[in-house]
Structures are given as C-alpha cells and as structure tokens.
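Here is what each chain is made of, one letter per residue.
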Amino acid sequence: MEGRAFVVLLVIASLIVLAENTDHKNAIEIYSLHVDSTVTSRFAHTVITSRLVNKVNESREAIFEVELPKTAFITNFSMSIDGETYPGTIKEKTSAQEQYDIAVSHGQSAGLVKTTGRKLEQFHVSVNVASDSKVTFELIYEELLKRQLGKYELLFKVRPKQLVKHFQIDVHIFEPQGINFLETDSTFMTNELTEALTKVQNETKAHILFKPTIGQQKKSPELEETLLDGDFIIRYDVKRSVSAGDIQIVNGYFVHYFAPSEMPTFPKNVIFVVDQSGSMSGRKIEQTRDALLKILEDLRPEDHFSLITFNSLVTEWKNTLLQATGQNVESAKRYVKTVMARGGTDINNALLTAANTLDKANYAEILQAHSISMIILLTDGQPTVGVQDVEIIQQNIQKAIKGKYVLYCLGFGFDVSYKFLEKMALDNGGIARRIYEDSDSDLQLQGFYQEVATPILKDIEIQYPENSILELTQNSFKLFFDGSEIVVAGRIDNELDVLPVEIQAQSHTSNLIFKEEANVREKEKVFQHQKYIFGNFIERLWAYLTIQQLLEKSISAQEEQQKNLQVARALELSMKYSFVTPLTSMVVTKPDDQQKLHLANKPTESDNEKSRFTGFSVRSDGYFDVSLARDYVHRAPKTGQRAILFDTPEHSPDIFRTVQTTAQLLTNEYPHFLFQLPRQNDVICLNIDGQPQAYINLISDPDKGVSVTGKLGRNRNHFVLFEITNLDPHVQLRVSKEGTVLSYGGHTTKLPWTKSASSTIQGLKIAVEKERSLTMSASDNITIKITFIKSPNRFLGLYFMDTDHFSDKASGLLGQFYFDTHLESNPGASQGEDERVLSVHGQKHRVTRKNKKDYRQESATGIISCWSLHITP
C-alpha cells in the first residue's frame, strides 16, 4: 500500500504544527511539542523539540517544517528514530553545494530552507517512520533580538491542526538591566486557555509558560478540534537611563548596550522620492498615496520636507524644501492625491534631483544648522529610462550625496533588485527594506517612517581601551533613533580588571560625553546562575554580530580584496560557531536513505527576488534583462532545464528576439489559472478541460459577498470573459477582451482597455490600467485582478490577492482550493521526477513541477515554476 504524507509544521517566533491523515485518524500522532526559548540580554536561544509516533501497521512519512526568523542562525538539527540519532553537519557552502549538486544529478536531494514571508524562513525535512516507531526532531537556532519602536517582540504563530497531549511554549527572560514592562497577547485566547498561561516576573527575570491541556485546547467537549490557531505574542523592554548604557561580561567577552531616551529630537529635512511609473499602477500607487498622506501628518512643525515623483520624467512638488507648517502639509497632501502611475523608471535622475535640492537648501541656509537630512526612495522596479546601469547609478548617487545625507531605499514587491537598493543605501549611511505587496503595504511604509522619524543623536563614537579590547564590532554610528538600540561587543584582554567606556555624540542641543567603568570580575558574577545562560552566550552573541556586520560591509566594500577578506572572516566564524549563514550550509542525511541529502542554506533577501517568477525579464523599454538571464542560465542545469546564453551586447535588439525564442524553449504555454495556496508559498498552475463558450462557476463566497464566473474561448486555450458580482455594494463587472462594463444602481459604464480609469463605490475600488489590467479591491476583502494579455493571442488572466480573506464557505472551481488544501510528498514518484500530492478536502491529485508562462507579469517572457494540475469542471 502506498504510504501517505503527514506534516508537522512549527513556526517560531512564529509556530505552526500540522499533522493530518484522511485514511487513519492521526496515524502520525504528535504526542509532545515543546518550544523552549531562553532570552539572556536580548540574545535568544530557541530549542524546538517535536516527538511523534506512528500508530498504524505500516510506514508513514513525517515531514518536519519550522519557520524561523530571517535574522536567526540555525546552529543544530537532529532527528532520532528509536534511539538512533542522525545529526546535521555544518559545511562551507561551496563544498556542500558541490555535494548537493552531485545528489541532484542522481535525483537524491531536497532543499531544506526557503523564504516564506516578510520575517520568516522555512526549514523542512522528512523521514519515513516505521509502524509503532517514534521519531524526535530537534532544531536549535539563535538570534539577537532587535529593539524597534521601544520594544522587543517574540511572535509565535500557533496552528497545530490537532490536539497535542504535551504542548508547551516555555520562555525564560533574564535582563540584568531590569525589565521595564512585559506583556503577552494572543488572537486565539479564551477563558479556558487563559488558565493555561502563567507569567512570573521580578526585577530582572520573567518566565512565561503556555501549557494547555487537551481539554483546554478543544473547541468544544464534543469536537476533536483545536482552538490553537493564531498569534501568541510576548513584548518587553528593559530599564534605561541617560548614561553610557549597560556592559555585561562572561568568560572574557563583553556586550555593551546603549539606548538613551528622553532626549530632544533633531529637526529633519526629508525628501520623499516616489516611483510613479506604470508598474506602480492600481493598488500599489493607491497604498503609496494613503501612506504618504499619513506620513505627512506625522511631520513635526520644525521639520522641512519636499516630494519628488518620477517615471520617465522627474517632477518636483516644490523646487526647494518647505517647513512642515499646516498650510504646507495640506498643499503637499493635495499634490499626493493627484499622483498617477504611468511611464518608465528614471531612478538616477530622481535621486540626483533630491541630492541637488538638499544642496541648494543648505547653500541658501533654509535648513536649521543642527538638523538631520535624509532621502527616502520608494520604487517597485528596475531603472528603465536614463542611466540604467545600476553600478553607474550607485556611483553617481554616492558622489552626489558625499556622506552629507542619509539614503533609505524601499523596494515595493519582488520586481526590484534588492541587491541594487541595498548597496546604494549602505553606501550612503542608510538601509534597504522590502515592502511586501499585501493589504497592509501602506502600514509597512508608515511603520518604516516611524522607525526613522525621531533621530535623537548623531555622530556617535564609542571608545574602549585601545590595547585591551580585541576584535571589536562596529563602534561608530551615524545616527541613533529613539526606540532603537546600539549594540557593541568584543573580547577583553585577560589582564584587564576595569573596562572603561567613553561615548561621544551630538544631540540637538549640545555635544555629549558619557563615561562609565565596568568592574570585570563583578560583572561576570551576574551570570553565575546557569539557569539563564547557555554556554558562552556573549561570545556567541559577539560572533553573531560580527558575522552580520562583515556580510553587510562586504556589500558596500569598494575593493575586491577588502570584500574577500571580510567574507573569509565571516566564513571562518560561521564554521567555528556552527552557524548556518549565507556562507555555510547544513547537510542532513536521511536515516531511511544514506545517499539522499538535504541541504539547509541561509537565504538572503535578494534570494527571494524573482524566486516565484524564475526566468527571463524584459524591461519596459523593450530591452532584455541580461543579468537576470545569466542568473537563470547559471541555475538551469541544476533544475534539469535547457539553457542557452547569447552573449550579445546588452542593448542590441537581437538579444531580445533571440531570448524570446529561447524562453519559449524553456517553458510551456500560459496556464488557465495561477494561484497561491493560502498561508503557503506554493503556486498552482491550473488547466481545465472545459467546454468552449460555456460559463464556469470559478468562485462564490457568500460570507464575502463576491462571485466570479468565466468563459473559455472557442479553442479552449484561454479565458475570454469574466463576470464579477459584488453584493455590498451591489456592483457587477463584465470583463472581456474589448473592455469592462460596470453596472451599478441601474446604470452601466463602459471602461475600454484603451485608457486608464478608476472609480470608488462605497469603498469598493475599481481601477483599469491602460491595456494591462483591471483591479477590484476593498478593505478587509479579496482583491481581484484580471490581466489583459495581447500577445501572442488576446486573452484574460485572473488571479486573487489577499486570499486569506476567503471564508470556509468559498466554493467553485477555484474556491475549493482556498481552505483545507495542502501539498504532501509523493512516495510513489518516479526517480528524478519532482512530484507531489495535492490534497483538496481529502481528494488527492498528483501534481508535477513545471515551468509556465506567468500572465501576472508585464513581461511576455516571464516564467514561473509551479505545481501543474489538470482538472475537469
């Protein structure tokens, strides 16, 4: 009998556990699930232990998945079956990849870690469990908690999908500075579950234990269903004063925390540089406008500001910076409301204009002497107009800014080059951040601004005895924002009895000097209580911080030799302290097949780019993106795909035509539908065997008041008509290849594809982007988008966003996939085939990994790797 797949899914800080079987109730039973986290001086050490037993008379596959923070480093993993342990081993990434590639060629491999969201990465491994056998999975990772907006936060997403006999989240916190506040919150807590939560706190220690019994986990006494489905959050902060901060020492290593408060805020001079190119149309530009309106309201009266929008041209709201008076803010808000998306993307000229505007304001002495100047760039794509070589743009901006201003780069979505933005930001004293396309994108933008809105110190220099401190981490900082924290660590010379520190910084009103002395022996006594520490934790904290800073410095290194030295040192520390970093990998050998390897790599933010749309890209100026093609071609042999690279000059039209042909060799046709499984990272490419010219019920959700039907064309290759009905307000849309007919209140309006248009009806937004797409959206509801594809044949592509809003009453051809649907491994798959089983309400469908054309992208040659499925309505 063919084995079934069972899933154990945990997320920390974010936690999910899942174990299901349709034939045998809880055949793989999770009888124990413990999450033990020790937080000592902000450094968190988390151990996830899951114990399972196979209760049926045949082998079953258990899949262990853990989503951990992107900022964490995995340090250990093991699985034990009937007393025998199979550990993971940390190796240099290059050698591990070679070993992995050999296994790939024999069909004997699987990747272990991938990015799954804004803050999380997923660790995945599976193993066959014999009848009546037990398996224990243990994963350990470490991270330094980052203080943002005045607090540290631990988030646990709890979703076990079954009752667990021994379930607990056990968190110990030890902060020698003293705990200022501590709170817990939950989205699923009931009176019964509240009784399972205990919180004990004194001056420096806290213990949070969430340990519900099976009875407390149940939705009702009659149902074997769990209440544990949502977020469990711990927030805290430590006590501080206006001083040189706090120094902690263990076994010859020290960490120094500095986070003053209650200081006056510097006035800001901020220029918002906002992309309004065609790719920002629809929801992106709407959310950007909404965010800017809120941010403008948050400006302080002493701030100065301006707005620059850009597409193929650069437009200035004003040709200088103005004080944030009520009148000027209202004028800026009126301007923001008029911003529309169209045209190309001239990033170079936009940023040079911003730098020049600040230069002119400084020269004219418009700005206050003691103020902070910053540029905040928001873009969603690659440069397509003007200077398009990203290295030249980076050089131009660095020369223009000359260290006088700070540049922050926000990349909207996954069509941007994060590496490009990150290097440009780091070169100019700032940071890069990805803004995820979601219902709360405007809140993400506002949240970033809040982090940089209150600078209270600048030019911070932290000095220690030069000959007594070795291997010091970064100790000079351009800016310090209220609610954040500076962390410095290093190694102390054995002969040092007293560690003096001096901090020099500039506040808005004066130059400051803080001095402190730490008695080495006295400080070491603080951590003699072993319950709250794990090994040489400050040494590990130092290594963690050093690796992160070396990797960051290597991005902005000007010389190749300097970069190589930084990378080599980071690799050396990663190996020494057994951290899975972007330079190392963990190799796991499955116990049921000693030849099959699993490889755990550390994804970077740029690795997430185009990962869900792997393939070729055509810039909106018509040129092929060669750098992306080379990256794709480099990867293609490892995925069994054909790859041809034509090394034609980048701007030759021949390469565009040649690569179009090559892309067609590498992929099949457009699918009828593309959709992402809810709360999962997997994309399904769906084709249906329907009758031409017949209407098909695609989705109907009575709770959300929305339904969609569609009609296939005569050749059944594509859909040519969609009808959307929204109940509140009652609006109907009939979308065809000719355009859209909007019906509301007894009136009809025609919206042709030949021009852009938008309308809002009682909060329901309908927007047509010229010759590209139609979008229907409303707050707290599903967003529906229909793409108009003109080549090679005209047709329509439907997809949904914010699909978590669908209710469990959703039905129809597509509606069935939006709840009680998940992918399982396929033990019967042919060797070398990438096959899975898609379980839809218990029905099993075999799906195969394919490359398809992606109608959601503007590029006609966009490719997506997805799970391909054929069904009959």
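None of the values given here were measured: they were computed from a predicted structure.

Rules of the game
Residues numbered from 1 in each chain as written. Predicted model: local features only at pLDDT ≥ 70, side-chain atom pairs only at ≥ 80, totals over all residues. Heavy atoms only, no water. Axes fitted to C-alpha atoms, helices over the stretch in contact; angles between N-to-C directions. Helix = DSSP H or I, 4+ residues; strand = E, 2+ residues; numbered from the N terminus. Parallel < 35°, antiparallel > 145°, perpendicular 65-115°, else oblique. Contact = heavy atoms within 4.5 Å. Salt bridge = Lys/Arg side-chain N within 4 Å of Asp/Glu carboxyl O. Buried < 20%, exposed > 50% of the residue type's maximum accessible area, 1.4 Å probe, protein only. Phe/Tyr/Trp six-rings, centres within 6.5 Å; stacked < 30°, edge-to-face > 60°. Lys NZ or Arg CZ within 6 Å of the ring centre and 35° of its normal. Core = buried A, V, L, I, M, F, W, Y, C linked by side-chain atoms within 4.5 Å. Pairing = 2+ DSSP bridges. pLDDT = per-residue confidence, 0-100. Right-handed = clockwise from strand over helix to strand, strands pointing away. 1 Å grid on protein atoms, 1.4 Å probe; cavity = no way out; pocket = protein on both sides within 12 Å on 5 of 7 lines; lining within 4 Å. Points joined across faces, edges and corners; volume = space filled by probe spheres on them. Nonpolar A, V, L, I, M, F, W, Y, C, P; charged D, E, K, R; others polar. Expected span 1.5 Å × (residues − 1). Polar contact = N/O pair within 3.5 Å; in protein donor to acceptor, adjacent residues only side chain to side chain.

Here the focus is the packing of helix α6 (residues 347-363) against helix α7 (residues 390-401). To describe two helices that pack against each other, one gives the angle between their axes and the distance between the axes. Interhelical geometry of α6 versus α7 gives an angle of 5° and a closest axis separation of 9 Å. When the axes of α6 and α7 are compared, the pair comes out roughly parallel. Residues N348, L351, L352, A355 and D359 of α6 form the contact with α7, whose participating residues are I393, N396, I397, A400 and I401.

The full count for this structure, using the stated rule, is 35 salt bridges. A salt bridge links E471 to R491, with the nearest nitrogen and oxygen atoms 3.3 Å apart. A residue pair is termed long-range when its members are at least 10 positions apart, and E471 in the loop between β28 (469-470) and β29 (476-481) and R491 in strand β30 (residues 486-492) qualify at 20 residues. With relative accessibility at 34%, the residue E471 sits in the partly exposed group. Through salt bridges with shared partners, a single network forms among R42, R147, E175, D237, R240 and E485.

With that out of the way, let us pick up unusual backbone geometry. With omega at 0°, the peptide bond leading from D728 into P729 counts as cis. Within the secondary structure layout, P729 lies in the loop between β39 (719-726) and β40 (731-736). With a phi close to 55°, E262 is a non-glycine residue in the positive phi region. Mapped onto the fold, E262 is located in the loop between β19 (253-258) and β20 (268-275). We note that E471 has phi near 50°; this positive angle belongs to a residue other than glycine.

What follows deals with the packing of aromatic side chains. One pass over the structure, following the stated rule, counts 28 aromatic pairs. Centre to centre, the rings of F800 and F806 are 5.5 Å apart; their planes meet at 85°, and the pair counts as edge-to-face. Of the residues examined, F800 reaches a relative accessible area of 11% and is grouped as buried. For F806, a relative accessible area of 8% gives the class buried. Each residue in the set F43, F73, Y253, W542, Y544, Y577 and F579 is aromatic and connected to the rest through ring pairs, giving one cluster. Across the ring face of W867, the terminal group of R849 is positioned such that the distance to the ring centre comes to 4.2 Å.

Turning to the nonpolar core, a few remarks are in order. Membership of the largest hydrophobic core comes to 57 residues, with the highest contact counts inside it found for F673, L698, L798 and F800. Residues L139, L154, V158 and L193 belong to the second largest nonpolar core, which totals 54 residues.

Sheet architecture is open: 8 strands sit in the order β6-β5-β11-β3-β2-β13-β16-β15, paired in mixed fashion. Sheet topology places β6 (84-87) and β15 (197-201) at the edges, where each strand pairs with a single neighbour. This sheet shows a mean twist of 10° between the axes of neighbouring strands, independent of strand direction. Pairing analysis gives 5 bridges linking β15 to strand β16 (residues 205-210), with the strands arranged antiparallel. Its bridge partner lying in β16, V200 is registered against H207.

Okay, the confidence of the model for the protein next. The share of residues in the protein with pLDDT of 70 or more is 82%, and the mean pLDDT across the chain is 81. Low pLDDT (under 50) marks residues 610-668, which in the prediction has 102 contacts with non-local residues, meaning those over four places away or in another chain.

What follows deals with the pairing of strand β25 (residues 406-412). Most of β25 is tucked away, with 7 of its 7 residues classed as buried. Along β25, one buried face is formed by V406, Y408, L410 and F412 and the opposite face, lined by L407, C409 and G411, is buried too. Summarising the sheet, strand β24 (residues 372-379) and β25 pair through 6 bridges and their orientation is parallel. Looking at the pairing, M374 lines up with V406 of β25. Chirality of the crossover, the property in question, places the unit of β24, α7 and β25 among those that are right-handed. Alignment of β25 against strand β26 (residues 432-435), held across 4 bridges, turns out to be parallel. Along β26, the bridge assignment pairs L410 with R433.

What follows deals with the sheet that holds strand β12 (residues 152-158). Strand order across the open sheet formed by 3 strands is β12-β17-β14, with antiparallel pairing between neighbours. A strand with exactly one partner marks an edge of an open sheet, and here the two such strands are β12 and β14 (179-186). Going from strand to strand, the sheet's axes swing by 10° on average, the running direction of each strand aside.

Relative to the elements of secondary structure, S779 occurs in the loop between β45 (773-777) and β46 (783-789). Along the chain, S779 and S439 lie 340 residues apart, while their C-alpha atoms are 7.5 Å from each other.

Empty pockets left among the atoms are what a rolling probe the size of a water molecule brings to light. Applying the stated criterion across every chain, the model contains 7 cavities of 30 Å³ or more. In this structure, the largest cavity occupies an estimated 120 Å³ of space. Lining the largest cavity we find 13 residues, and of these L292, I295, I376, L410 and L445 sit closest to its centre. Among the elements that line the lining of the largest cavity, the one with the most residues is helix α4 (residues 283-298), at 4 residues. Residue composition of the lining of the largest cavity, by class: 12 nonpolar, 1 polar and no charged.

What follows concerns α4. With 16 residues, α4 should cover 22 Å at 1.5 Å per step; its first-to-last C-alpha distance of 23 Å lies within 8% of that length. Counted residue by residue, α4 has 12 buried out of 16 residues, so it is predominantly covered. Of the residues making up α4, those classed as buried are R283, K284, I285, E286, Q287, T288, R289, A291, L292, L293, I295 and L296.

This next bit is on helix α8 (residues 418-427). Among the 10 residues of α8, 8 are classified as buried, and the element is accordingly described as predominantly covered. Listed as buried for α8 are Y418, F420, L421, K423, M424, A425, L426 and D427. Buried-residue contacts for α8 involve α6, β24, α7, β25, β26 and α11 (537-556). Within two residues after α8, G429 carries a phi angle of roughly 75°, on the positive side.

We now examine the side chain of T379. The topology assignment puts T379 in strand β24. A polar atom in the side chain of T379 sits 2.8 Å from the side chain of D275. Each residue touching T379, except ones within four places of it in the same chain, is listed here: D275, F310, T345, I347, L410, G411, F412, V416 and L421.

Let's shift gears to the environment of Y464. With respect to the helices and strands, Y464 occurs in the loop between β27 (455-463) and β28. According to the relative accessible area criterion, Y464 is buried, its value standing at 11%. Apart from the residues within four sequence positions on either side, Y464 is in contact with F254, H256, I469, L472, V488, L499, P500 and V501. Among the polar contacts made by the side chain of Y464, one reaches the side chain of H256 at a distance of 2.7 Å.

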